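# Coordinates in review
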Amino acid sequence: MADGRGTERVAVRTHFGAVRGGTLMGLLTAGILALMCVYMAVSVTQETPLAGVRIAVDAGHGGEDRGVCYFEEGLIEKEINLDMAQRLAAALQDLGADVLLTRSDDTFVPLAERAAMANAFGADLFISLHVNRIPGHPECFGAQTFYFPSSEAGKRLATAIQQELLKVDPDNYRQPMAGNFAVLRRSEMPGALVEIAFMTNARDRALLQQETYRADVTEAIVRGIIVFLQGDTDG
């Protein structure tokens, strides 16, 4: 971004130098250069919309804490969360964000430490990834976001992500909800906890095993973050 502005300033100086010189060729050359530099600056902004944004990505559970599991189909929450966190981190970095993973392997990190890591990192946003469950209610399905009750910014972030998740799964009717989760309560920046599916629902379990679903959910979270940062949500 800074490089684009610097190049643009050079073009402007060249343009006005040509005006003072009064040469037609100089004017044309300077004008073309100025237009090219403006295009380059806009292109850089469009390609890296998250440049300079610091985002903490939290893969829930880990180590001895497996989370919710469905062993019959080889589904273990801690593994799903880590896979999704790594996908999300890579996607965010591709768009210019500085990303912190609270865990990058199968280790257990206490909840307070996860939030402390995000705070020390100076994160602008905190995203925690999980898989949901409601024992005794196999009919419940769909990805859902949560935010800390007193955080208006967190609510807007969760709303923006939820709206994008609904586009991935048109049958999903869920809306963002307040939740007093420790990682959201202890973190100092706007945060959202994303439950990407229900382990207790057969339909969602099938989705969790699909590469396309995991990729689509990752993209939805990224789009939601961008929408939030652009201020285009009514949350």
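Just above sits the structure.
Residues numbered from 1 in each chain as written. Predicted model: local features only at pLDDT ≥ 70, side-chain atom pairs only at ≥ 80, totals over all residues. Heavy atoms only, no water.

## Description of the overall build of the chain
Going by this rule: Only DSSP runs of H or I reaching four residues or more are called helices, and only runs of E reaching two or more are called strands; each is numbered from the N terminus. A 1.4 Å probe rolled over the protein chains alone gives each residue an accessible area, and that area as a share of the maximum for its type sets the label: buried under 20%, exposed over 50%, partly exposed in between. Residues are treated as being in contact if the distance between any of their heavy atoms lies within 4.5 Å. Computed with the Shrake-Rupley method and a 1.4 Å probe, the accessible areas treat only the protein chains shown as cover for residues.
A tally of helices and strands in the chain yields 8 helices and 8 strands. The buried share of the chain, taken over its 235 residues, is 45%. Contacts spanning at least 24 positions in sequence make up 76% of the contacts within the chain whose residues lie at least 6 apart. Counting every atom, the chain has about 11,600 Å² of accessible surface; 56% of that belongs to carbon and sulfur.

## Some points on the packing of aromatic side chains
Stated precisely, the cut-off is as follows: The pairing test for Phe, Tyr and Trp rings, Trp by its six-membered ring, is centres within 6.5 Å, and the orientation test on the planes gives stacked under 30 degrees, edge-to-face over 60, and tilted for anything in between. A ring has a charge above it when a Lys NZ or an Arg CZ is no more than 6 Å from the ring centre and no more than 35 degrees off the ring normal.
Scanning all chains against the criterion turns up 2 aromatic pairs. Between Phe-141 and Tyr-173 the ring centres are 5.7 Å apart and the planes differ by 85°, which places this aromatic pair in the edge-to-face class. With a gap of 32 residues between them, Phe-141 in the loop between β5 (125–132) and β6 (144–147) and Tyr-173 in the loop between α5 (152–168) and β7 (177–178) connect regions that are remote in the sequence. Between Phe-146 and Phe-181, the aromatic rings sit 5.5 Å apart at their centres with planes inclined by 75°, giving edge-to-face as the arrangement. Of this pair, Phe-146 sits in strand β6 while Phe-181 sits in the loop between β7 and α6 (182–186), and the two are 35 residues apart along the sequence. You can call Phe-146 buried: its relative accessible area is 10%. The exposure class assigned to Phe-181 is partly exposed, which follows from its relative accessible area of 29%. In this structure, Arg-54 is placed above the aromatic ring of Phe-121, and the distance from its NZ or CZ to the ring centre is 4.3 Å. The ring centre of Tyr-70 lies 3.7 Å from the NZ or CZ of Arg-205, which sits over that ring.

## Things to note about the pattern of salt bridges
Side chains carrying opposite charge are able to pair once their charged atoms draw close together. Which entries qualify depends on this criterion: Salt bridges are counted wherever a side-chain nitrogen of Lys or Arg sits within 4 Å of a carboxyl oxygen of Asp or Glu.
Taken as a whole and assessed by the stated rule, the structure comprises 10 salt bridges. The salt bridge partner of Asp-58 is Arg-114, with a shortest N-O separation of 2.6 Å. A residue pair is termed long-range when its members are at least 10 positions apart, and Asp-58 in strand β1 (residues 54–59) and Arg-114 in helix α4 (residues 111–121) qualify at 56 residues. Residue Arg-87 is joined to Glu-211 by a salt bridge in which the shortest nitrogen-to-oxygen separation is 2.7 Å. In this pair, Arg-87 is assigned in helix α3 (residues 77–94) and Glu-211 in helix α8 (residues 211–230), connecting sequence segments 124 residues apart. Overlapping salt bridges, with partners in common, bring together Asp-83, Arg-87, Glu-211 and Arg-214 in one network.

## Some details on α8
Selection criterion: Expected span, for any helix, means 1.5 Å times one less than how many residues it has.
With 20 residues, α8 extends 29 Å from end C-alpha to end C-alpha; this agrees with the ideal 28 Å at 1.5 Å per step. Among the residues making up α8, those that are buried are Tyr-213, Arg-214, Val-217, Thr-218, Ala-220, Ile-221, Val-222, Gly-224, Ile-225, Ile-226, Val-227 and Phe-228. For α8, the secondary structure elements touched by its buried residues are β1, α3, β5, α5, β8 (191–198) and α7 (202–208).

## Some points on the environment of Pro-170
Relative to the elements of secondary structure, Pro-170 occurs in the loop between α5 and β7. As a C-alpha pair, Pro-170 and Gly-142 span 28 residues in sequence and 9.6 Å in three-dimensional space.

## Observations regarding the side chain of Thr-218
Counted only if it meets this: In the analysis that follows, any N or O atom pair within 3.5 Å is treated as a polar contact, provided that within protein one partner can donate a hydrogen and the other can accept it, and provided that, for residues neighboring in sequence, both atoms belong to side chains.
Relative to the helices and strands, Thr-218 is located in helix α8. Given a relative accessible area of 5%, Thr-218 falls into the buried group. At 2.8 Å, the side chain of Thr-218 and the backbone oxygen of Arg-214 are in polar contact. When near neighbours in sequence (up to four residues on either side) are disregarded, Thr-218 contacts Met-84, Arg-87, Leu-88 and Ala-91.

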